[in-house]
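What follows is each chain in one-letter form.
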Amino acid sequence: FVLGVRALMISYSVSRLVTVLVIEAMLGLRHDVRLRQFSPAVLREVMRYAKNLIIATTAWKLLGLCSPLIIPMLLGYAANGVYSVAMRFQAVFSTITLVYNMSWQEEIIRRAEDANKEQVFNDIYKLLLRLCFGAMLMVLPVTYVIYPWFVRGEYLESIAYIPMIYLECIFSTLVSHI
């Protein structure tokens with residue numbers, strides 16, 4: 001408890017590392033890896049590709065980890081409750097985009113050898129962009145109508161956070177699609 005946020009970040013990192021080690025021990029993937037097959041050029045290409053995803057994931061994790069700590073310290077526990085209620089509505093939107101991203105990854109693997117894959121991927125990305133913002137434009141008014149049925153009292157003020165939370169969800173989806 002003396003380390004505060006630092007202890008939280010350390011424990012989170014250690015838990016992720018232990019998870020990777022357990023999965024590795026169960027699958028035994030290290031036997032398939034050969035150091036002589038390592039290519040710095042491929043690593044640079046992967047890092048160039050993953051840069052935006054790393055930034056988005058880091059921001060999302062920091063937001064998720066720090067919100068329960070920072071909001072109560074700066075604004076109080078009532079504000080943290082209001083924020084938590086707003087985030088519950090985002091979870092529905094995130095679940096839908098998660099299903100899309102999983103199917104997108106399958107499509108990438110399926111079309112890896114296609115000659116026109118770049119055009120197909122660009123067309124799908126443009127469609128995703130329109131679908132996400134179109135969905136938000138349709139879901140946002142519905143959220144404003146149904147919100148009072150699910151949220152009562154002082155927590156009703158959390159509706160002010162919904163548009164920004166939906167936008168964050170859309171941008172996370174778009175970044176993970178790159």
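Note that this is a predicted model, so its numbers are computed, not measured.

Q: Let's hear about the overall build of the chain: which residues, and what values?
A: On a plain count of helices and strands, the chain comes out with five helices and zero strands. Reading the chain from its N end, one meets helices and strands in the order α-α-α-α-α. Rg of the C-alpha trace for the chain: 20 Å, well past the compact-globule value of 16 Å for 178 residues, more than 25% over. By residue count, 24% of the 178 residues in the chain fall in the buried class. For the chain, the exposed surface amounts to about 13,100 Å²; the carbon and sulfur share of it is 70%. Of the side-chain charges in the chain, 16 are positive and 12 negative, and the distance between the mean point of each set is 5 Å.

Q: Before we move on, can you summarise the packing of helix 3 (residues 77-110) against helix 4 (residues 117-150) with the specific residues and values?
A: Between two packed helices, the angle of one axis relative to the other and the distance separating the axes together describe the packing. Direction vectors running N to C along helix 3 and helix 4 enclose 160 degrees, while the axes themselves pass 11 Å from each other. As judged from the angle between their axes, helix 3 and helix 4 are roughly antiparallel. In this structure, helix 3 crosses over helix 4, and the sense of that crossing is right-handed. Contacts from V85, A86, F89, F93, Y100, W104 and I108 of helix 3 reach helix 4 at F121, I124, L128, C132, A135, M136, V139, T143, Y147 and F150. For the contact of helix 3 with helix 4, the class distribution of residues is 16 nonpolar, one polar and no charged.

Q: Could you give an account of helix 4, naming the residues involved and the relevant values?
A: Structurally, the α-helix is built with 3.6 residues per turn, so residues lying three or four positions apart point the same way. Its maximal kink placed at Y144, helix 4 deviates by approximately 40 degrees, while the proline P148 follows within four residues. If you check which residues of helix 4 are buried, you get V120, F121, L128, C132, M136, L140, T143 and Y147.

Q: So what's going on with helix 3? Residues and values would help.
A: With 34 residues, helix 3 extends 48 Å from end C-alpha to end C-alpha; this agrees with the ideal 50 Å at 1.5 Å per step. Of all the bends found along helix 3, the most pronounced is centred on F89 and spans about 25 degrees.

Rules and cut-offs
- Residues numbered from 1 in each chain as written.
- Predicted model: local features only at pLDDT ≥ 70, side-chain atom pairs only at ≥ 80, totals over all residues.
- Heavy atoms only, no water.
- Helix = DSSP H or I, 4+ residues; strand = E, 2+ residues; numbered from the N terminus.
- Rg over C-alpha atoms; globule rule 2.2 N^0.38 Å.
- Buried < 20%, exposed > 50% of the residue type's maximum accessible area, 1.4 Å probe, protein only.
- Areas by Shrake-Rupley, 256 points an atom, 1.4 Å probe, with all protein chains shown as cover.
- Lys, Arg positive; Asp, Glu negative; His and termini not counted.
- Charge placed at Lys NZ, Arg CZ, Asp CG, Glu CD.
- Axes fitted to C-alpha atoms, helices over the stretch in contact; angles between N-to-C directions.
- Parallel < 35°, antiparallel > 145°, perpendicular 65-115°, else oblique.
- Left-handed = near helix turned anticlockwise from the far one by under 90°.
- Contact = heavy atoms within 4.5 Å.
- Nonpolar A, V, L, I, M, F, W, Y, C, P; charged D, E, K, R; others polar.
- Bend = angle between axes of the 7 residues up to and from the residue.
- Expected span 1.5 Å × (residues − 1).

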